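Here is how the chains run, residue by residue.
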Amino acid sequence: MVRLKQRYILFEVLYPPTDGEDFQTYSESPTKALLSLHQESPPQFTPKTITNTIKSSIQELYGDYGSSFAVQLNMKYFNNKTSTGILRCTKTNFHFVTATLPLITTIEGRKVIVNCIHVSGTIKKCEDYAIKRNLQFMRRVRFLEKSENGTIITI
Amino acid sequence: MTCDLNLLWPKSNYDALTPSEITNIKNLIITSYNLGYYNVVINFEVSESLKLPINEPSKLNPIKIKEIIDISKFPDLKVFTRLTVIVNDSSKLINLNKYQNYFDLIAIKPQTEKSLQNSIINLNIDLISIPLDTKLNFYIKHKIVGKALEKGIKFEICYGPLISSTSTLTRKLMISNIVQLIRATRSNGLIISSGSKNPINLRSFHNIMNFFQTLGIKLNHINKFDDNAEKALINGRLRINSYKQTVMIDDNVNLYDNSKDEENNVMANNYKKRLNDEDIGQRKKLHS
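Residues numbered from 1 in each chain as written. Chains lettered and ligands numbered in written order. Predicted model: local features only at pLDDT ≥ 70, side-chain atom pairs only at ≥ 80, totals over all residues. Heavy atoms only, no water.

Peer 1: In this structure, what is going on with the overall build of chain A? I would like to understand it.
Peer 2: Helix and strand counts for chain A come out as five helices and six strands. If you list the helices and strands of chain A from N to C, you get β-α-α-α-β-β-α-β-β-β-α. Among the 155 residues that make up chain A, the fraction classed as buried is 43%. When contacts within chain A are restricted to residue pairs at least 6 apart in sequence, those whose partners lie at least 24 apart make up 72%. As displayed, chain A has an accessible area near 8800 Å², and 52% of this comes from carbon and sulfur atoms. (Helix = DSSP H or I, 4+ residues; strand = E, 2+ residues; numbered from the N terminus. Buried < 20%, exposed > 50% of the residue type's maximum accessible area, 1.4 Å probe, protein only. Contact = heavy atoms within 4.5 Å. Areas by Shrake-Rupley, 256 points an atom, 1.4 Å probe, with all protein chains shown as cover.)

Structure follows, in structure tokens:
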């Protein structure tokens, strides 16, 4: 017997500057821009609300036929601090999900960019990649901070 | 190295910007930089009826990069400028060659089939962006498009209206037009760019390619999109720095460095003006 195969999609939610304080201070320095893009998510962003918006946008793009593939769509993990999450869907139809992720503009009334980072066959590899990416991100922030202060950088 | 060849300038004439518009365009550049686009082009889009100030060359380009953003803060970021002319009747556009030294890229937006055909044959341009978010009143033919690809002109797909539009009609039209363009070009010589005024509508390159794979672009064609954008940018820069885009004399010229263009233009302009005057004199003699 062949077992049922899945695909795990690692994604992140970004917050571009719209209005208020962010709009003015965003362009002052590269670290401020990076940190305000990768903000913490508000508490109303739960796995349930995000899967509902993804399902409704699949319904909008592909209709009843397409959304029949998204019935098994399931959010395995979402962290509000780092605003990254992992989605699970069946192997044959994961293209429908990855194609609709860039077309989402609002979640719960907040304007966002949903960025698909990685697709893999096991959830372990997704977790590993998320940790690796976070380390890279921290290294970049430190690099930019040092270059702003004017110290000489040697890597 | 990924390029975004179309970030829209907020105005389509020579009026000065308000402070909020300047911060908005700053935010636009930095967001696209953080999404992985290191070479960013600001697009100044005009209709053909707007009179460009030919007599005052310093005022031709309204986009002053040094006044907008301090590039040295952001490692590897480079900002360029581009002129797009919306064309209905291509016979009015004979003077387009005069603007070439003041913009890094030159593109046209044809509205009719005849203007598309004529501008491919007559004009010296880098990019063609067909208005994909409206209903086209002509059918894109492989024969016409093939001529442009032979000359090295690239075709642009703007994904901005696809994301920002609220009505389903523009989405339908865009998808059908994009599929038509992919069929006509056989997925050669295509470029993907944002074409939006708002940082909310920007997406990273691979995310957009995920969507375009469902429209019939194959996996092994994806790297071509990136290469084509770079080729178009090099083509445009070579027009300023070299003789007929083939010969360069100075070794030390950095093609991507556009900070010294203004000084060099003054020298080149005087020479060209003299050449033009002599040409006109000879023609007058021939006719009389």
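Peer 1: Where do I start with the interface of chain B and chain A in this structure?
Peer 2: Frequently, the measure chosen for interface size is the accessible area that the parts lose on association. Opposite the 26 residues of chain B that make contact, chain A presents 32 residues. Both sides together, the interface formed by chain B and chain A hides about 2500 Å², and carbon and sulfur atoms give 62% of it. Our count for the chain B to chain A interface comes out at one salt bridge. Two residues, A:Glu60 and B:Arg171, come together in a salt bridge whose shortest N-O distance is 3.3 Å. The tally of links between chain B and chain A comes to seven residue pairs in polar contact (both at pLDDT 80 or more). When residues of the side of chain B that touches chain A are traced back to their parent elements, those giving at least two are α1 (19-34), α5 (160-164) and α7 (205-213) of chain B. Among the elements that make up the side of chain B that touches chain A, the one with the highest residue count is α1(B) (nine residues). Split by residue class, the side of chain B that touches chain A holds 11 nonpolar, 11 polar and four charged. (Buried area = accessible area lost by both parts, 1.4 Å probe. Salt bridge = Lys/Arg side-chain N within 4 Å of Asp/Glu carboxyl O. Polar contact = N/O pair within 3.5 Å; in protein donor to acceptor, adjacent residues only side chain to side chain. Nonpolar A, V, L, I, M, F, W, Y, C, P; charged D, E, K, R; others polar.)

Peer 1: Sorry if this is basic, but what is going on with the packing of aromatic side chains here?
Peer 2: The description of two aromatic rings rests on the distance between their centres and on the angle between their planes. Residue and element names in this part refer to chain A. For the coordinates displayed, the defined rule picks out eight aromatic pairs over all chains. Between the aromatic rings of Phe11 and Phe78, the centroid separation amounts to 6.3 Å while the plane-to-plane angle is 20°, which identifies the pairing as stacked. Placement of Phe11 in strand β1 (residues 6-14) and of Phe78 in strand β2 (residues 74-79) is noted, with a sequence separation of 67 residues between them. When its relative accessible area of 12% is taken as the criterion, Phe78 is described as buried. Aromatic side chains Tyr62 and Phe96 sit 4.8 Å apart centroid to centroid with 80° between the ring planes, which places their arrangement in the edge-to-face category. (Phe/Tyr/Trp six-rings, centres within 6.5 Å; stacked < 30°, edge-to-face > 60°.)

Peer 1: Is there a simple way to think about the confidence of the model for chain A in this case?
Peer 2: Detail in the predicted coordinates should be disregarded across regions flagged by low pLDDT. For chain A, per-residue confidence averages 86 on the pLDDT scale, and 96% of positions sit at 70 or higher. When mean pLDDT is compared element by element in chain A, β1(A) scores highest at 92, while helix α1 (residues 21-25) of chain A scores lowest at 76. (pLDDT = per-residue confidence, 0-100.)

Peer 1: Explain the pairing of strand β4 (residues 105-110) of chain B here, please?
Peer 2: Two faces, one strand: in a regular strand the side chains alternate between the faces of the sheet. All names here are of chain B. Across the six residues of β4, six count as buried, placing the element largely inside the fold. Of the two faces of β4, the one carrying Leu105, Ala107 and Lys109 and the one carrying Ile106, Ile108 and Pro110 are both buried. Note that strand β3 (residues 78-87) and β4 share six bridges and pair parallel. Within β4, the residue paired with Arg82 across the bridge is Leu105. As paired elements, β4 and strand β5 (residues 127-128) share two bridges and run parallel to each other. (Pairing = 2+ DSSP bridges.)

Peer 1: What is the right way to look at the packing of α7(B) against helix α8 (residues 222-241) of chain B in this model?
Peer 2: Packed helices, taken two at a time, are described by the angle between their axes plus the distance between the axes. Residue and element names in this part refer to chain B. It is at 11 Å that the axes of α7 and α8 come closest, and there the two elements cross at 125°. Compared by their axis directions, α7 and α8 come out oblique. As for how α7 packs across α8, the hand of that crossing is right-handed. Along its contact with α7, which presents Phe205, Met209 and Gln213, the element α8 presents Ile222, Phe225 and Asp226. (Axes fitted to C-alpha atoms, helices over the stretch in contact; angles between N-to-C directions. Parallel < 35°, antiparallel > 145°, perpendicular 65-115°, else oblique. Left-handed = near helix turned anticlockwise from the far one by under 90°.)

Peer 1: Explain the sheet that holds β2(A) here, please?
Peer 2: Paired through their backbone hydrogen bonds, the strands of a sheet run either parallel or antiparallel. All names here are of chain A. On the basis of which strands lie adjacent, the open sheet formed by four strands has the order β2-β3-β1-β6 and antiparallel pairing. Edge positions in the open sheet fall to β2 and β6 (113-120), since each of these has one partner strand only. Shown here is a sheet whose adjacent strand axes are inclined to one another by a mean of 25°, direction ignored. Note: β2 against strand β3 (residues 84-90), five bridges, orientation antiparallel. Across the sheet, residue Asn79 finds its bridge partner in β3, namely Thr84.

Peer 1: Which parts of the structure should I look at to understand the pairing of strand β1 (residues 2-8) of chain B?
Peer 2: Summarising burial for β1(B): seven of the seven residues are buried, a large majority. For the segment spanning β1(B), α1(B) and strand β2 (residues 37-47) of chain B, crossover handedness is right-handed. (Right-handed = clockwise from strand over helix to strand, strands pointing away.)

Peer 1: How should I be thinking about the side chain of A:Thr100 in this particular structure?
Peer 2: Residue and element names in this part refer to chain A. Of note, Thr100 is situated in helix α4 (residues 94-100). Judged by its relative accessible area of 1%, Thr100 falls in the buried class. From its side chain, Thr100 meets the backbone oxygen of Val97 in a polar contact 2.9 Å long. Aside from chain neighbours lying at most four places away, what touches Thr100 is Ser57, Ile58, Leu61 and Tyr62.

Peer 1: Explain unusual backbone geometry here, please?
Peer 2: Residues other than glycine predominantly adopt negative phi, and peptide bonds predominantly adopt the trans conformation. All names here are of chain A. Even without a glycine there, the phi angle at Ser83 is positive, about 45°. With respect to the helices and strands, Ser83 occurs in the loop between β2 and β3. The class of Ser83 is buried, set by a relative accessible area of 1%. Phi at Glu108 takes a positive value of approximately 55°, unusual for a residue other than glycine. For Glu108, the position within the fold is in the loop between β4 (106-107) and β5 (110-111).

Peer 1: Is there a simple way to explain the environment of B:Lys78 in this structure?
Peer 2: Residues and elements named next belong to chain B. Mapping Lys78 onto the fold places it in strand β3. Residue Lys78 is classed as partly exposed on the basis of its relative accessible area of 30%. C-alpha separation for the pair Lys78 and Tyr33, spaced 45 residues apart in sequence, amounts to 9.4 Å. The residues contacting Lys78, other than those within four sequence positions of it, are Tyr38, Asn39, Val40 and Tyr256.

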